[in-house]
Amino acid sequence: KKAVKKTTASSKKKTKPAKTHIYMLLDRSGSMGSIWAEALGSVNGYVDDLRKDVNTKSSPVTLAAFDTIHPFEVVRKALKASAWQAVTADEILPRAGTPLYDAIGKLVSLTENDGAEKGVVIITTDGAENSSHEYNKTTATAALDRLRAKGWQVVFLGANFNAFAQAAHVGTHVSQTLNATPQGLRF
């Protein structure tokens with residue numbers, strides 16, 4: 001007699017692939033003032049594009065902003081793209097200095113505490129680090145490298161400065177860097 005293999009409902013279940021968590025880090029230092037409307041428009045536009053795609057509309061999105069007054073402030077936490085409410089200048093305004101390394105370190109800690117399996121980190125800034133106290137170039141780079149080692153994508157978006165040099169300081173490859181200037185985008 002041949003053994004008959006029973007098929008149960010639980011053996012037929014397919015595991016869904018892990019959702020990709022999107023973490024955005026937005027520089028809200030004073031120098032962002034001249035491009036603040038564009039910066040917020042980019043954040044909201046990106047999430048709007050996620051919302052329109054059936055594959056990403058349920059992706060959790062977290063937005064954190066940073067400056068020297070609030071070195072790391074979570075503005076939106078793990079909202080599905082489909083439930084996103086536009087971030088406005090009434091909520092956050094540019095001011096103060098740029099503790100970029102501290103913000104990167106705190107964002108990576110947040111991703112690790114969240115336990116997300118897959119993720120994308122998007123860092124948007126217009127200036128160079130000028131006021132971190134907890135992290136330095138080496139420790140911020142090491143934090144991002146931990147995410148990269150798990151297969152996460154780290155994208156560096158710069159505005160009105162040499163984004164390529166700043167991104168390289170934290171180990172971001174030129175292919176993951178975009179610089180917006182008054183003359184347009186540079187890849």
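Residues numbered from 1 in each chain as written. Predicted model: local features only at pLDDT ≥ 70, side-chain atom pairs only at ≥ 80, totals over all residues. Heavy atoms only, no water.

Caption draft 1: Representation of the overall build of the protein chain. Across its full length, the protein chain carries five helices and seven strands. The proportion of buried residues among the 187 residues of the protein chain is 43%. Surface exposure of the protein chain reaches about 10,200 Å², of which carbon and sulfur atoms provide 54%. (Helix = DSSP H or I, 4+ residues; strand = E, 2+ residues; numbered from the N terminus. Buried < 20%, exposed > 50% of the residue type's maximum accessible area, 1.4 Å probe, protein only. Areas by Shrake-Rupley, 256 points an atom, 1.4 Å probe, with all protein chains shown as cover.)

Caption draft 2: Broad picture of the pattern of salt bridges. If you walk through the whole model with that rule in mind, you get 10 salt bridges. A salt bridge links D48 to R51, with the shortest nitrogen-to-oxygen separation between them at 3.1 Å. Of the two residues, D48 and R51 both sit in helix α2 (residues 36–52), three residues apart, roughly one turn of that helix. Given a relative accessible area of 25%, D48 falls into the partly exposed group. A salt bridge links E112 to R146, with the nearest nitrogen and oxygen atoms 2.7 Å apart. With E112 in helix α3 (residues 100–114) and R146 in helix α4 (residues 137–149), this residue pair connects regions lying 34 residues apart in the sequence. (Salt bridge = Lys/Arg side-chain N within 4 Å of Asp/Glu carboxyl O.)

Caption draft 3: Representation of the confidence of the model for the protein chain. Here the protein chain shows a mean pLDDT of 83. Residues at 70 or above account for 75%. Low confidence marks residues 173–187, where pLDDT is under 50. Its contacts with residues over four positions away, or in another chain, come to 38 contacts. (pLDDT = per-residue confidence, 0-100. Contact = heavy atoms within 4.5 Å.)

Caption draft 4: Main features of α2. The end-to-end C-alpha separation of α2 is 24 Å, in line with the 24 Å expected for 17 residues at 1.5 Å each. Residues W36, A39, L40, V43, N44, V47 and L50 constitute the buried set of α2. Down the axis of α2, the smallest arc covering the buried residues is 120°, so these residues share one side. Residues of α2 that are exposed and point more than 90 degrees away from the buried face comprise A37, S42 and K52. Check the buried side of α2 and you find it contacts β1 (20–27) and β2 (60–66). (Expected span 1.5 Å × (residues − 1). Arc of directions from axis to C-beta.)

Caption draft 5: Spotlight on the environment of E117. Among the secondary structure elements, E117 is positioned in the loop between α3 and β4 (118–125). Along the sequence, E117 and W152 sit 35 residues apart, while their C-alpha atoms lie 8.7 Å from each other. Excluding its chain neighbours within four sequence positions, the residues that come into contact with E117 are A18 and W152.

Caption draft 6: Structural view of the nonpolar core. Grouped together as the largest cluster of nonpolar side chains are 22 residues, with contacts concentrated most on M24, L26, V61, L63, W84 and I92. Of all elements in the fold, only β1, α2, β2 and β4 reach the threshold of two or more residues within this core. Counting residues per element, this core draws most heavily on α2, which supplies six residues. Residues L100, L110, A140 and A143 belong to the second largest nonpolar core, which totals 21 residues. (Core = buried A, V, L, I, M, F, W, Y, C linked by side-chain atoms within 4.5 Å.)

Caption draft 7: Molecular detail of the side chain of T111. Topologically, T111 is positioned in helix α3. Overall, T111 belongs to the buried group, its relative accessible area being 1%. Apart from residues no more than four positions distant in its own chain, T111 is found in contact with Y23, A116, L147 and W152.

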